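# Remarks on the overall topology
The primary structure of each chain is shown beneath.
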Amino acid sequence: EGKDEQMSKLFLRWKKQLDEEMAAVLKPPKDRKLPKRLACQGYRMLLPNLDGKRPPRAVRWTRRCMRAIFNAKMREREAMHQPSLATAQVELAPPRFPEFVYAWYEPPRAAILSMDSVAKRKEIFTIADEDRWGLYYGVKALSRESAEAKLFWTLMDESHGEDYQAFFLYALS
């Protein structure tokens, strides 16, 4: 009975320590501030720095780009689920939404190779980067008033994970 009592006291002491440690982890001190999450971090990490420049884009342009990207993403999903392609391709995961949006503005390889000067090539990539930032700022502004833009922003932000995107594309198709 002595051993059982000792084991019981040891267990209670261990449980108390564990409870205290868990409470410390779950409830951070009030003076310690948690870092803020950067919105659309996955997308913004792909973009080059424009030195604070915000390329202006019209609301109409932003809406057209969002809708075209949604349509392209749905077509990509449909193509990946075709039986004829499934056997020919290795099982690949579709690109994440921020990567897809970034790649959507990539200039066509044929257009780049047909340019004779490096300055022209650099200019076409600069325009693409400005369009990417223009979409980012346009969607951010529109998301306050438009459900469509809010959904696009949420997908770019990836705050709900890849399952959110998969469900959205499934529901749209």
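Further remarks concern the overall build of the protein chain. A count of helical and extended segments in the protein chain gives nine helices and zero strands. Each helix and strand of the protein chain, ordered N terminal to C terminal, gives the series α-α-α-α-α-α-α-α-α. Put simply, the protein chain has 173 residues, and 27% of those count as buried. For the protein chain, contacts bridging at least 24 residues in sequence account for 75% of all contacts bridging at least 6. By element, 57% of the accessible surface of the protein chain is carried by carbon and sulfur atoms, the whole surface being about 12900 Å².

Counting across every chain of the model gives eleven aromatic pairs. Consider the rings of Phe70 and Phe168, whose centres lie 5.0 Å apart with planes at 50°: the pair is tilted. Within this pair, whereas Phe70 is found in helix 3 (residues 59–80), its partner Phe168 is found in helix 9 (residues 162–172), the two being separated by 98 residues in sequence. With a relative accessible area of 8%, Phe70 lands in the buried category.

Let us look at the pattern of salt bridges. In this structure the tally under the stated criterion is ten salt bridges. Taking the shortest distance from any N to any O, the salt bridge between Asp131 and Arg57 comes out at 2.6 Å. Of this pair, Asp131 sits in helix 7 (residues 118–142) while Arg57 is found in the loop between helix 2 (41–44) and helix 3, placing the two residues 74 residues apart along the sequence. Look at Asp131 and you get buried, because its relative accessible area is 18%. On the basis of relative accessible area, Arg57 is assigned to the partly exposed category, the value being 28%. One salt-bridge network, held together by shared partners, links Arg63, Arg67 and Glu148.

The topology assignment puts Thr62 in helix 3. Note on Thr62: relative accessible area 1%, which makes it buried. As a C-alpha pair, Thr62 and Val139 span 77 residues in sequence and 6.7 Å in three-dimensional space. Residues contacting Thr62, with those up to four places away along its chain left out, are Arg57, Leu135, Gly138, Val139 and Leu142.

Let us look at the packing of helix 3 against helix 7. Taken N-terminus to C-terminus, the directions of helix 3 and helix 7 make an angle of 100°; their axes are 9 Å apart at the nearest point. Between helix 3 and helix 7, the crossing angle belongs to the class labelled roughly perpendicular. Contact residues: Val59, Trp61, Thr62, Arg63, Cys65, Met66 and Ile69 in helix 3; Asp131, Gly134, Leu135, Gly138, Val139 and Leu142 in helix 7. Split into classes, the residues belonging to the contact of helix 3 with helix 7 amount to eight nonpolar, three polar and two charged.

To continue, consider unusual backbone geometry. Glycine aside, the phi torsion of most residues is negative, and most peptide linkages are trans. In this model, Asp51 sits at a positive phi of 55°, which is unusual for a non-glycine residue. Residue placement: Asp51 occurs in the loop between helix 2 and helix 3. Under the relative-accessibility criterion, Asp51 is labelled exposed at 70%. Of note, Glu158 is a non-glycine position whose phi angle comes to about 55°, a positive value.

Assignment of secondary structure puts Thr154 in helix 8 (residues 147–157). Residue Thr154 is classed as buried on the basis of its relative accessible area of 11%. Polar side-chain contacts of Thr154 include one of 2.8 Å to the backbone oxygen of Lys150. In this structure Thr154 touches Ser159, His160 and Tyr164, once residues within four positions along its chain are discounted.

With that settled, consider the nonpolar core. With 26 residues, the main nonpolar core has Tyr43, Ile69, Phe97, Val101, Leu135, Phe152 and Met156 as its most contacted residues. Of all the secondary-structure elements, those providing two or more residues to this core are helix 3, helix 5 (97–104), helix 7, helix 8 and helix 9. Ranked by the residues each element gives to this core, the list is headed by helix 3, at six residues. Residues within four places of Leu135 in sequence aside, it is in contact with Tyr43, Trp61, Thr62, Cys65, Met66, Ile69, Val101, Tyr105 and Phe152.

Calculation rules
- Residues numbered from 1 in each chain as written.
- Predicted model: local features only at pLDDT ≥ 70, side-chain atom pairs only at ≥ 80, totals over all residues.
- Heavy atoms only, no water.
- Helix = DSSP H or I, 4+ residues; strand = E, 2+ residues; numbered from the N terminus.
- Buried < 20%, exposed > 50% of the residue type's maximum accessible area, 1.4 Å probe, protein only.
- Contact = heavy atoms within 4.5 Å.
- Areas by Shrake-Rupley, 256 points an atom, 1.4 Å probe, with all protein chains shown as cover.
- Phe/Tyr/Trp six-rings, centres within 6.5 Å; stacked < 30°, edge-to-face > 60°.
- Salt bridge = Lys/Arg side-chain N within 4 Å of Asp/Glu carboxyl O.
- Axes fitted to C-alpha atoms, helices over the stretch in contact; angles between N-to-C directions.
- Parallel < 35°, antiparallel > 145°, perpendicular 65-115°, else oblique.
- Nonpolar A, V, L, I, M, F, W, Y, C, P; charged D, E, K, R; others polar.
- Polar contact = N/O pair within 3.5 Å; in protein donor to acceptor, adjacent residues only side chain to side chain.
- Core = buried A, V, L, I, M, F, W, Y, C linked by side-chain atoms within 4.5 Å.

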